[in-house]
Amino acid sequence: MEEKKIRVLVAKPGLDGHDRGAKVIARALRDAGMEVIYTGLRQTPEQIVIAALQEDVDAVGLSILSGAHMHLFPRIMNLLQENKMNDVLVFAGGIIPDRDVSKLKEIGISEIFPPGSSLQGIVNFVQSHVR
Amino acid sequence: MRGTNESADGRSNKRSISGHPIRELYTPEDLDGFDPTQELGVPGEFPFTRGVYRSMYRGRLWTMRQFAGFGTSEDTNKRFKYLLKQGQTGLSVAFDYPTLFGYDSDNPLAQGEVGRCGVAIDSLADMEALFEGIPLDKVTTSMTTNAPAAMIWCMYLVAAEKQGVRWQDLSGTIQNDVLKEYIAQKTYIYPPRPAMRIFTDIVSFATEQVPRWNTVSISGYHIREAGSTAVQELAFTLRDGIEYVEHCIRAGLKVDDFAPRFSFFFDIHNDFFEEIAKLRAARRIWARVMQDRFHAQNPNSLLCRIHSQTAGVSLTAQQPYNNAVRVALQALAAVLGGTQSLHTNSLDETLGLPTLESATLALRTQQIIARESGVPNTMDPLGGSYFVEKLTNELENTCLEYFDRIDAMGGMIEAIEIGFPQREIQQASYEQAKAIERNEQIIIGINECAAEESAPVNGLVIDEQASARQCANLRALRDNRNHSLVRKNLADLKKAAAGSDNILPFILNCVRSYATLGEMCDTLRSIFGEYHEPDFS
C-alpha cells in the first residue's frame, strides 16, 4: 500500500511581498513528494489557521521577512492550539534575528531556517518531524 | 572538492550566476565586425554604453545614497542627520509596510508592522517631522514608494512648501514603478490599468510643476531579488520602461518633455563582469529604444541614469561578516559599470534592519572606493575588453529577444496579466536554489567553508513603543483637524478619480488638510478596486 503523502501548508503571514523563499520551499517539498498548499501573500493568522484546518495538513511552514514575526507567530500558535491542532509541525523561515529564535521555539515553533538554509535540510526536517 | 562540471584542465564551460556560459579566454574574434564608434562612442554620447555623462566621476562622484527608515519620523530624522554628517550625499526613505500599502498605522492589518521595515508615515504631520531641520532645497531625496506614490509625494511637496522651498528647486526621485510590483515586489494596491492612470497623472503634474523631479525609478532590483537572472532583470525593467513611455504618450504627453526625468534602478549581484556588462548594455539599449522606437530628439531623453544597490539576496545569515566583502565587490562593479548613485547593504541585513555601526561601514565601503582605490579616475576602464564587450553584446541580444516576446503578447501589462514575467522569475529562482544545493554555485559559508558556529552580529532593535506612539499621534491628529474640510477634499478626490481630471491637485488638497494616507488610499480603492494576485504557479 502506498504511504500517505505528507501535507504541508506554506503560508505568508505579514504584509511583505517577498515570496521567493516561500515559493522555492513549496516547490522543493512538492518535488520531494509532499502535497503542498501555498496560501499566497498577506494572510492573517486567522486565515492561515483556517487553511491549515480545512486542508488537514501535517505541517505548516511560515515565511516572513517583514519583522512582524514576534507579533504574528504567537497568534498563529495560539489559534492552532485553540483548534486542537497541537500535533501539526510548525517551522519558519525569513529575516528573524537570533535573539528571537529561542522565544519562538518556546512557543512551539520547531525550527527556524534563516536565509541560506539548504533545501534538502528543510525537506529532511519535515520528513523526519511530521508525527 | 571541486564542482563536477569542471574538468581537470579547467577548460570546460563555466557559467555566470545567471547560467550564462563563460569561456576561459576571449579574443579579437569575439568582437568580429564590432564597430566601437557605433557600439560604444564616448561617455556622454550616443549610444552611451560608456557612461551617460561626458566627464563621469571626474566631474562628480556618484551619489552615496543609503536607504534608511525605521520607527517613527523622529527616529528616522535622527538617522538621516547622522548619515548626512558622515558624508552621505543624498537621502533615501524606506517606508514601513502599512505605509507601502496605504494603511494607517492603527489599521488592524498594520499590527506588528508599524515602523518595522521602514518609517511609518500617516499624514503630512509625519512628513514634516521626517525632514525637520533638513533643508529640502539642499538635499535630494529618493522615496521608495510605489502604489501610494502620488499621496506620499504630495506630502513631500507640501512639507517642502512649508519650509519655504519652491517646487522648481526640489530634486529627488519617487520609485513610482508599479509594474514591477505585480512582477516581483508585490506591494501593489490597485489593478495595473488604474495604477497606470495614476502614473501618468504624476508624470504630467511633475513635468509642469516640479521639473527637476525624477518621476520614476524603473526598477530591476526587486525583479532580481525575486530570483530572476541578470538578463531577465535587464529585459523586464527596460520593457517596463517602454510601457511607461507608451502610456505617457497615449495620455497626450510629448516624449521629450517627460523622458529626461525617467531613471533606473538595478541590482548588483555577485557575478562581477556580468553586472558591469548589464549596466553598459542597459544604457545602450535604452538610448536606441528612445531614438528608434520613440523618436526622441532631446539628448537627455536617451539617458539611462542608474541607481544601484548591492544584492540583498546574495547576503548570508551564516558567517555574516563575509557580507561586508561581498558588498565591497558588488559596489566596485556598480562603479565600474558607471552608476549615478549607489546604496551599499549592511552586513547584518539578513537578520534585521542594520545597526548604526554596520550602516556606517557600508557607507565607508563606498567612500574607500571613491577616495582610495583610484577607480573613479578613468571612465569605463573596462571598455574595449574582449570579454566585457562580448558579454555586453550578448546581454543586449537576449534582452531584445525578450522584448520581441513581450511585444508579441501585446505589451508588458498583458504579459503581467498572463503571468509571463512572474513565471520566468519563479523558474529561474528555483533553478538557482537547486544549483546552490548541487554545489554548482558556490556560496562561501554555505556550501563551501561552512562552519558550525559563526561570530554573532547584534542587529538593530526597533523600539517596541514606536508603534504605540505613532498610533497615539495619529488619533490626536484625527481629533484636531477641520473635519468638514477633510471630508470635502476626500469627496473631491473621489470624483476626480472617477472622472478623467489629473488627481494630483486633489490629493494635494487632501494632504494640506491633513487627511491620512489610509483615507486617501481607501478613497481611490473605492473607485479603482484592489489587485489580488492570481495563482501563476
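Residues numbered from 1 in each chain as written. Chains lettered and ligands numbered in written order. Predicted model: local features only at pLDDT ≥ 70, side-chain atom pairs only at ≥ 80, totals over all residues. Heavy atoms only, no water.

Colleague: Any chance you could explain the overall build of chain A here in plain terms?
Modeller: Helices and strands together make up the secondary structure of chain A, namely five helices and five strands. In chain A, the succession of helices and strands from N to C terminus is β-α-β-α-β-α-β-α-β-α. Taken over the C-alpha atoms alone, chain A extends approximately 45 × 35 × 25 Å along its principal axes. When contacts within chain A are restricted to residue pairs at least 6 apart in sequence, long-range pairs at least 24 apart make up 74% of them. About 5,900 Å² of surface is accessible on chain A, with carbon and sulfur atoms providing 50% of the total. Counting 15 positive and 16 negative side-chain charges, chain A places the averaged centre of each group 5 Å from the other. (Helix = DSSP H or I, 4+ residues; strand = E, 2+ residues; numbered from the N terminus. Contact = heavy atoms within 4.5 Å. Areas by Shrake-Rupley, 256 points an atom, 1.4 Å probe, with all protein chains shown as cover. Lys, Arg positive; Asp, Glu negative; His and termini not counted. Charge placed at Lys NZ, Arg CZ, Asp CG, Glu CD.)

Colleague: Help me understand the overall build of chain B, please; the structure alone is not making it clear to me.
Modeller: Counting its secondary structure elements, chain B contains 21 helices and 12 strands. In summary, chain B has a C-alpha radius of gyration of 23 Å against a globular reference of 24 Å for 537 residues, a match within 12%. For chain B, the C-alpha atoms occupy an extent of roughly 80 × 55 × 50 Å along the three principal directions. The buried share among the 537 residues of chain B stands at 60%. A sequence separation of at least 24 residues applies to 78% of the contacts in chain B between residues at least 6 apart. (Rg over C-alpha atoms; globule rule 2.2 N^0.38 Å. Buried < 20%, exposed > 50% of the residue type's maximum accessible area, 1.4 Å probe, protein only.)

Colleague: Is there a simple way to think about the domain arrangement of chain B in this case?
Modeller: Size of an interface, as often reported, equals the accessible area lost when the parts are brought together. All names here are of chain B. We note that the domain assignment places domain 1 (1–50 + 190–449) and domain 2 (65–174 + 459–537) within chain B. On a C-alpha basis, the centroid separation for the pair domain 1 and domain 2 is 28 Å. Joining domain 1 to domain 2, the criterion identifies zero salt bridges. Taken together, the links from domain 1 to domain 2 amount to 23 residue pairs in polar contact (both at pLDDT 80 or more). Where the side of domain 1 that touches domain 2 is concerned, the elements lending two or more residues are α8 (192–209), β8 (213–214), β9 (216–219), β12 (341–343), α14 (356–371), α16 (412–417) and α17 (420–437). Here the residues of the side of domain 1 that touches domain 2 sort into 21 nonpolar, 17 polar and seven charged. (Domains from an automatic or database assignment. Salt bridge = Lys/Arg side-chain N within 4 Å of Asp/Glu carboxyl O. Polar contact = N/O pair within 3.5 Å; in protein donor to acceptor, adjacent residues only side chain to side chain. Nonpolar A, V, L, I, M, F, W, Y, C, P; charged D, E, K, R; others polar.)

Colleague: What should I look at first to understand the interface of chain A and chain B in this one?
Modeller: On the side of chain B, 38 residues touch chain A, which itself brings 35 residues to the contact. Counting each side, the surface lost to burial between chain A and chain B is near 2,800 Å², with a carbon and sulfur contribution of 51%. If you sort the residues of chain A by the area they bury against chain B, Leu15, Arg20 and Arg27 of chain A come out on top, with a joint share of 25%. Inspection of the region where chain A meets chain B yields one salt bridge. In this structure, Lys186 of chain B and Asp19 of chain A form a salt bridge, with 2.8 Å as the shortest nitrogen-oxygen distance. In this assembly, chain A and chain B are joined by 15 residue pairs in polar contact (both at pLDDT 80 or more). At the level of secondary structure, the elements contributing two or more residues to the side of chain A that touches chain B comprise α1 (20–31), α3 (69–82), α4 (98–106) and α5 (119–129) of chain A. With six residues, α1 of chain A is the single largest residue contributor to the side of chain A that touches chain B. Here the side of chain A that touches chain B is built from residues that sort into 13 nonpolar, 12 polar and 10 charged. (Buried area = accessible area lost by both parts, 1.4 Å probe.)

Colleague: Looking at this model, I keep getting lost on the confidence of the model for chain A. Mind explaining?
Modeller: The predicted coordinates ought not to be read in detail in places where the model reports low pLDDT. In the predicted model, chain A carries a mean pLDDT of 94, and 98% of its residues have values of at least 70. No element of chain A has a lower mean pLDDT than α4 of chain A, at 94, and none a higher one than strand β1 (residues 7–11) of chain A, at 98. (pLDDT = per-residue confidence, 0-100.)

Colleague: Looking at this structure, how should I read the packing of aromatic side chains?
Modeller: Here the distance between the centres and the angle between the planes together describe a pair of aromatic rings. Residues and elements named next belong to chain B. Under the counting rule described, the total for this entry stands at 27 aromatic pairs over all chains. With centroids separated by 5.7 Å and ring planes inclined at 80 degrees, the aromatic side chains of Tyr190 and Phe528 adopt a geometry described as edge-to-face. Taken as a pair, Tyr190 in the loop between α7 (179–185) and α8 and Phe528 in helix α21 (residues 517–528) lie far apart in primary sequence, 338 residues in all. Seen from their ring centres, Phe272 and Phe273 are 5.2 Å apart, and the 90 degrees between their planes marks the pair as edge-to-face. For Phe272, a relative accessible area of 22% puts it in the partly exposed group. Taken together, the aromatic side chains of Phe80, Phe131, Trp153, Tyr156, Trp167, Phe205 and Trp213 make up a single cluster linked through ring pairs. (Phe/Tyr/Trp six-rings, centres within 6.5 Å; stacked < 30°, edge-to-face > 60°.)

Colleague: Where do I start with the side chain of Ser308 of chain B in this structure?
Modeller: Summarising the element assignment, Ser308 of chain B is placed in strand β11 (residues 306–310). In this structure, Ser308 of chain B is in contact with Phe265, Phe266, Ile268, Leu279, Ala334, Thr339, Ser341, Leu342 and His343 of chain B, ignoring residues within four places of it in sequence.

Colleague: How should the sheet that holds strand β5 (residues 91–93) of chain B be read in this particular structure?
Modeller: Backbone hydrogen bonds hold the strands of a sheet together, and the pairing may be parallel or antiparallel. An order of β4-β5-β6-β7-β8 (chain B) is seen for the five strands of this open sheet, with the pairing classed as parallel. Two strands in the sheet have a free side with no partner beyond their single neighbour: β4 (67–68) and β8 of chain B. (Pairing = 2+ DSSP bridges.)

Colleague: Where do I start with the confidence of the model for chain B in this structure?
Modeller: Model confidence for chain B is summarised by a mean pLDDT of 94, while 98% of its residues fall at 70 or above. Contacts for the low-pLDDT stretch residues 1–11 of chain B, under 50 throughout, to residues beyond four places or in other chains number eight contacts.

Colleague: I would appreciate a short explanation of the packing of helix α3 (residues 73–85) of chain B against α14 of chain B in the present structure.
Modeller: Two quantities define a packed helix pair, namely the angle between the axes and the distance from one axis to the other. All names here are of chain B. Two elements in contact, α3 and α14, have axes separated by 11 Å at closest approach and are oriented at 35 degrees. The hand of the α3/α14 crossing is right-handed. The segment α3 lies against α14, with Arg79, Tyr82 and Leu83 engaging Leu356, Ala359, Thr360 and Leu363. Residues that form the contact of α3 with α14 fall into these classes: five nonpolar, one polar and one charged. (Axes fitted to C-alpha atoms, helices over the stretch in contact; angles between N-to-C directions. Left-handed = near helix turned anticlockwise from the far one by under 90°.)

Colleague: What exactly am I supposed to notice about the environment of Lys105 of chain A here?
Modeller: All names here are of chain A. Note that Lys105 resides in helix α4. The spacing of Lys105 and Phe91 is 14 residues in sequence and 9.4 Å in space, taken between C-alpha atoms. With residues near it in sequence (within four places) discarded, Lys105 still touches Ser110, Glu111 and Ile112.

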